[in-house]
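Fold and contact review
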Amino acid sequence: MERTTAFLDIPAATFLPGLIQRAAELEMAVADTPRGKAVELYYGTLEVIDTGPRTTVELTSSDAARLLNLRDTLTWHLDQVGLKHCITWAKMKGGANPANLALGHVVWVSEISPNFTRVRLAGNYTRFLEGGFHFRLLLGPKELGWPSTDDTGGTVWPGGLSQWHRPVYTVRGICPEGRWIDFDIFRHEGGRANDWIATLEMGEEVGITGPGGTGHVEAPWVGLFGDETALPAVLRMIRGAPEGTCGEAVLLVPTKADIQTVALPPGITLRWLCRDEGGVLMDAFRALQVPEGPRYVFYAGEKAEVAAARDHVATLGLKRGEAHTLVYWTAD
């Protein structure tokens, strides 16, 4: 296990309720400890220890990469309420690349449909063989080099974090030995990733951080829904479903030409909707018939649609951990 400690110049009551609410939204556990509260998140555990006017937060993760992700999660949460300046981190060895950074080189780029491009990176991606499906693509000022760590183990972003665009993508495929990964980019006008893919060259060095987010789900029955941004995640879930899993999946893509050929397990059906033919993902989601017993429902897409999906999930009688509704993008 890997550990670090954060010292906050604020009482726990200032931020702990919001952190507990966030854990509830993610359907993660919160428990009492002899010293305070333990909040489970994707990347590990935050134990919040109230010491009066100050607070100690002990972070524990299974490895150094997940610990750094957990640290970033706590920093992000405090930043949302204007309290990021209150953190002091325990000293650690610095100077090297962050533990969650993986560097690789472009070995293959292909337009697999009118609106999707697939990229293959070669490098050491063994830690992506387990855990979450997702990673952040690092697009920043090339002339300044890759991030390093400071003497608290925190990430130092050359030129400042604001200079870096870090969109989240899904590992679409991975070498069994972790020597390469594939990921798909949904191309759309105006995005930095869209501009990046247009000038990408063979052999170019690419940095990513991860893994993170959701991974394989194990439930006898699944209902999986996603738009074009969630397509890779849904297809990974389908491919990784344990033998005997039943259920249905619905994917929304821009055009019929974007429909991909997918090898489906015997018990899972996949239906495609097309935007240019009037397909509406929420209509399909509302028509979903959820069986009794252990099940899992997943919906990901645009923010307003996910809010509607979350409201619908509340009417289905699902238990904690049986549903995830995730925002992948926000309409202008």
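Here's a quick rundown of the structure. (Residues numbered from 1 in each chain as written. Predicted model: local features only at pLDDT ≥ 70, side-chain atom pairs only at ≥ 80, totals over all residues. Heavy atoms only, no water.)

**Digging into the overall build of the protein chain**
Helix and strand content of the protein chain: six helices and 19 strands. At 21 Å, the protein chain has a C-alpha radius of gyration in line with the 20 Å of a compact globule built from 332 residues. In terms of principal-axis extent, the alpha carbons of the protein chain reach across some 60 × 50 × 40 Å. For the protein chain, the accessible surface area stands at approximately 16,000 Å², while carbon and sulfur atoms represent 52% of it. Of note, the protein chain has its 31 positive side-chain charges centred 3 Å away from the centre of its 40 negative side-chain charges. (Helix = DSSP H or I, 4+ residues; strand = E, 2+ residues; numbered from the N terminus. Rg over C-alpha atoms; globule rule 2.2 N^0.38 Å. Areas by Shrake-Rupley, 256 points an atom, 1.4 Å probe, with all protein chains shown as cover. Lys, Arg positive; Asp, Glu negative; His and termini not counted. Charge placed at Lys NZ, Arg CZ, Asp CG, Glu CD.)

**Digging into the nonpolar core**
Nonpolar side chains in soluble globular proteins tend to end up buried together. With 25 residues, the main nonpolar core has Ala 6, Leu 8, Phe 15, Leu 46, Val 57, Leu 59 and Leu 74 as its most contacted residues. Where this core is concerned, the elements lending two or more residues are β1 (2-8), α1 (16-25), β3 (36-41), β4 (44-50), β5 (55-61), α2 (64-80) and β6 (87-89). Looking at which element gives the most residues to this core, the answer is α2, with four residues. Those residues within four positions of Phe 15 in sequence are excluded, and the remaining contacts are Leu 8, Ile 10, Val 48, Thr 55, Val 57, His 77, Leu 78 and Leu 83. (Core = buried A, V, L, I, M, F, W, Y, C linked by side-chain atoms within 4.5 Å. Buried < 20%, exposed > 50% of the residue type's maximum accessible area, 1.4 Å probe, protein only. Contact = heavy atoms within 4.5 Å.)

**Section: the pattern of salt bridges**
Summed over all chains, the structure comprises 14 salt bridges. Notably, a salt bridge pairs Glu 58 with Arg 35, separated by 2.9 Å at the nearest N-O pair. With Glu 58 in strand β5 and Arg 35 in the loop between β2 (30-33) and β3, the pair connects residues that are 23 residues apart, well separated along the chain. Each of Arg 35, Glu 47 and Glu 58 takes part in a single network of salt bridges with overlapping partners. (Salt bridge = Lys/Arg side-chain N within 4 Å of Asp/Glu carboxyl O.)

**What to know about the environment of Phe 15**
Looking at the element boundaries, Phe 15 is found in the loop between β1 and α1. For Phe 15, a relative accessible area of 2% corresponds to the buried category. In this structure the C-alpha to C-alpha distance between Phe 15 and Ala 96, which are 81 residues apart in sequence, comes to 31 Å.

**A word on the side chain of Thr 117**
With respect to the secondary-structure elements, Thr 117 resides in strand β8 (residues 116-123). For Thr 117, a relative accessible area of 3% puts it in the buried group. Only 2.6 Å separates the side chain of Thr 117 from the side chain of Arg 187, close enough to count as a polar contact. (Polar contact = N/O pair within 3.5 Å; in protein donor to acceptor, adjacent residues only side chain to side chain.)

**Here's the deal with helix α6 (residues 303-314)**
With 12 residues, α6 extends 17 Å between its outermost C-alpha atoms, agreeing within 8% with the 16 Å of an ideal straight helix rising 1.5 Å per residue. Restricting attention to buried positions, one finds in α6 the residues Val 306, Ala 309, His 312 and Val 313. One side of α6 holds all its buried residues, which, seen down the axis, span an arc of 115°. Pointing more than 90 degrees away from the buried face of α6 are the exposed residues Ala 304, Asp 311 and Ala 314. Packed against the buried residues of α6 are α5 (281-286), β18 (296-302) and β19 (323-329). (Expected span 1.5 Å × (residues − 1). Arc of directions from axis to C-beta.)

**Focus: the pairing of β3**
Bridge count for β2 against β3 is four bridges, and the pairing is antiparallel. If you follow Ala 31 over to β3, its bridge partner there is Ala 38. Once β2 ends, the chain turns through two residues before running back antiparallel as β3. By the bridge criterion, six bridges tie β3 to β4 in an arrangement that is antiparallel. Among the inter-strand pairings, Glu 40 is bridged to a residue of β4, identified as Thr 45. With antiparallel pairing between neighbouring strands as the criterion, β3 and β4 make up a hairpin whose turn holds two residues. (Pairing = 2+ DSSP bridges.)

**Observations concerning the sheet that holds strand β16 (residues 246-253)**
Read across the open sheet, the five strands follow the order β17-β16-β15-β18-β19; overall the sheet is parallel. The strands lining the two open edges of the sheet, one partner per strand, are β17 (268-274) and β19. The sheet shows a mean angle of 10° between the axes of neighbouring strands, taken without regard to direction. In terms of strand pairing, β18 meets β19 through six bridges, oriented parallel. Counted as the bridge partner of Tyr 299 is Thr 325 from β19. Along the sheet, helix α4 (residues 231-239) makes contact with β15 (221-226), β16, β17, β18 and β19, crossing β16 at roughly 160°. (Axes fitted to C-alpha atoms, helices over the stretch in contact; angles between N-to-C directions.)

**Points about the packing of aromatic side chains**
Per the counting criterion, the structure on display carries 10 aromatic pairs. Aromatic pair Phe 135 and Phe 183: ring centres 5.2 Å apart, planes at 80°, arrangement edge-to-face. Note that Phe 135 is positioned in strand β9 (residues 134-138) and Phe 183 in strand β13 (residues 180-186), a separation of 48 residues in sequence. On the basis of relative accessibility, which here comes to 2%, the residue Phe 135 falls in the buried class. Arranged with centres 5.8 Å apart and planes meeting at 45°, the rings of Tyr 169 and Phe 183 form a pair that is tilted. (Phe/Tyr/Trp six-rings, centres within 6.5 Å; stacked < 30°, edge-to-face > 60°.)

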